[in-house]
Amino acid sequence: MNSKIIIPIVVAISVIVTAGITYSVTFDQEPQTRIVTEVPEPEIIYVDKSISEFFEGTNDIKKISSQEDLASILEASSTFRTVYSDGMIRTFAAVDEMAFDSAMPTAVPESGMMMEKRQSGAEYSTTNVQVQNVDEPDYLKNDGKYVYIVSRNTLSIIDAYPAKDAKLILKIALDIESQYIHNMFLNGDRLVIFYNGQSDEEIIPQFDFIPRPSYSPVTHALIVDVSDKENPTILKDYSIDGHFRDARMIGDYAYFVTNSHINHQHPRLPVIMEDSVRIMTPEAFYFDNVEEFSNFNTLTAIDIFGDTVNSETFLMGYTGSFYVSENNFYLTYQQNMPFGFYENSSRDRFYEVIVPLLPIDIQNQINNIKNDSSLSSSQQWVKISEFMQDFYNKMDKKDKEELFEKIRDALNEYDAKIQEETRKTIIHKISIDEDKIEYVAKGTVPGRLLNQFSMDESGDRFRVATTIEYYIQHEGTVRSNAVYVLDDQLNIVGELENIAPDESIFSSRFMDDRLYLVTFEQIDPFFVIDLSTDTPKILGELKIPGFSNYLHPFDEEHVIGVGRDTKVDSNDRVQQLGVKIALFNVADVKNPKVVDDYIIGDRSSHSEALHNHKAFFFDKTRNVLSIPISSDSKSLEGISSKMFAPEYNRWSGFYVFDIDETNGFSIKGTITHSDSDSRYYSMGDARTFYIDDVLYTASQGYLKMNSFENLEKINSIKLENTGKFIDYLEEPVMEVEPVR
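Residues numbered from 1 in each chain as written. Predicted model: local features only at pLDDT ≥ 70, side-chain atom pairs only at ≥ 80, totals over all residues. Heavy atoms only, no water.

**Description of the environment of Val568**
Turning to its location among the elements, Val568 is positioned in strand 34 (residues 558-568). Assessed through its relative accessible area of 37%, Val568 is described here as partly exposed. Taking the C-alpha atoms as reference points, Val568 and Ile523, 45 residues apart in sequence, are found 8.9 Å from one another. (Helix = DSSP H or I, 4+ residues; strand = E, 2+ residues; numbered from the N terminus. Buried < 20%, exposed > 50% of the residue type's maximum accessible area, 1.4 Å probe, protein only.)

What follows is the structure in structure tokens.
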């Protein structure tokens, strides 16, 4: 663990002064100004960057040496939380449009389908992932012969190839609380299954005397040997404090992140257990800055073929999106700092923005009062407010209006800068190499991330795309987008800002030295951005109706987009229409074009691929695309629907397309998974994969097998509600020891 890294950010002393100013103006007489001074005597609170031995303002990463150390750090950091949450409220009030508009602004608030080849020669596809050689967890995995599915609290194993002989060979229940298990890895004959459980401890609540149960979330990682398909066995049952957040598998190591909320009354470090026996307490670290700490975010590495386990935990804010390369794990979250953190609050606004806009003689008199050490802060303000009242009442109406307008504009600009400074994304970089975990650097970028596809690592550069938004009084929400290039220590070395003002990022995809970016408000601007140097630049853009939620590479000159079609109605409102797929030609970067698009259904249509890239399937060797669709039957073409009742007119299944870079999309056919079921508005857990010449489609209810060539039905297996017994007590049973 490298504890010598220093990542500089601004840490300032905050001074809070509370005051109120109102102005009473009528238009049939000379405006009179009334300064309200009947407010509680302001309390001046100095928050020094070195309030304790734990926070010296160095911004280093520091080790938490013990449970007692943790309690002391949290006690020291609580000073920041109390000051900023309770003391940073401005009380400048605006009674009418002539008043100072100084109330605190408020917020409105390489990659692709992996292909494998079995020793038998069968080619097959696996999970659609963002980074090659970095597997992502899913509820369904296959090895070219067998399909493994976790659903609720059950594990199913299907002998899926050859498809005509496919059959369910095992369905067993895990001895856990009934829940949906959605995260699993497959590596050879080993499964790693993740699920959330609870620890069961007893604590004495504050000022009580009787111990009471305390249930805290824990994440279980089960390593299961499935070499005997009919008798799987649990080899390891690891548990670690916190909710499961995300995971990746690189080689034989599974890396996963858990997030545990801090109990400030009974704080404790996370622990790792194996089969209910504590095996380690991860090394714990915090950051020497005035961030508000709320969670432990723990990164754990386990060797699924051995006994090696390593883990480190970091005291920080809530964890957001992740990006994982073969060498580094990037944890991000939205900075959690109250407005005004980097400045001295109302006092700075007054002296730095308002006073310089007043006549020079007025400025001098105000500064003389300010510098009079014989007066307390509240006494100074009483004299300044009386002086300003006298000055305003001597002004004529026009001059006063012009001055107030100038002050309002200056305050808006000032507040916008403060909000940009405080609304950032924190990025933590952690190097990973089998069981070695080492913290590298911390960085910040303005704005918020959309998802994992907003980030990319290329060589020693890390690239991110963000949406920046903040609120300005009388102007509303100001929004734009940006791309930042960071070095290996997460320092910003290049940027491209003010992309598509008033719009938000709806999808992004980094591909080598290019970024393809879609923003949206009323139309779909598709940007091609050059990243061959540290200075990003827009090469070209295309504006079409609709938007893309997910972008996927077709080849070096084409990109597939999946999103929605839209139209603007007579009231200038945007209406979302059917699911839309588009093929973009980016060969001429200055003039990207839409080769073809295809719209499925109407506004009732939905696809899991819009928000989950694992539901998207594209095979470049055959140029075949498959996406799940759920929609009202009457809006769809090319499907057969048998209706049990008119009100159950809902179809769920898969649309399969041939794609040609010249002609675009040609519908190959549809595969129905439900044509009469009213229980689900949309079809979840939709996946597509192939083994040799068979296209497999999976949903909550079925695994269907069709010919890759013509989609002719080969076989179908019902996955849920089969009406058969599930063995709970007889072998094979996978038993899980109770936690703690």
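**Thoughts on the layout of surface pockets**
By volume, the second largest pocket amounts to about 530 Å³. Among the secondary structure elements, those contributing two or more residues to the lining of the second largest pocket are strand 14 (243-250), strand 29 (504-511) and strand 33 (547-555). (1 Å grid on protein atoms, 1.4 Å probe; cavity = no way out; pocket = protein on both sides within 12 Å on 5 of 7 lines; lining within 4 Å. Points joined across faces, edges and corners; volume = space filled by probe spheres on them.)

**A word on empty space enclosed by the protein**
Of the volumes computed, that of the second largest cavity is approximately 120 Å³. The wall of the second largest cavity is formed by 16 residues, among which Thr126, Thr127, Leu140, Thr688 and Phe689 lie closest to the centre. For the lining of the second largest cavity, the secondary-structure elements that each account for two or more residues are strand 5 (123-129), strand 6 (140-142) and strand 41 (687-691). The element that contributes the greatest number of residues to the lining of the second largest cavity is strand 5, accounting for four residues. Within the lining of the second largest cavity, the residues separate by chemical class into six nonpolar, six polar and four charged. (Nonpolar A, V, L, I, M, F, W, Y, C, P; charged D, E, K, R; others polar.)

**Side note on helix 4 (residues 377-393)**
Counted at 1.5 Å a residue, the expected span for helix 4 with its 17 residues is 24 Å, and the 24 Å between its end C-alpha atoms agrees. Within the sequence span of helix 4, burial applies to Ser377, Ser378, Gln380, Trp381, Ile384, Ser385, Phe387, Met388, Phe391 and Tyr392. (Expected span 1.5 Å × (residues − 1).)

**Quick notes on the packing of aromatic side chains**
Following the criterion strictly, the structure yields 32 aromatic pairs and no others. Within the aromatic cluster, the residues linked to one another by ring pairs are Tyr598, Trp651, Tyr655, Phe657 and Phe665. The ring of Tyr146 has Lys145 sitting right over it, with the charged end atom 5.8 Å from the ring centre. (Phe/Tyr/Trp six-rings, centres within 6.5 Å; stacked < 30°, edge-to-face > 60°. Lys NZ or Arg CZ within 6 Å of the ring centre and 35° of its normal.)

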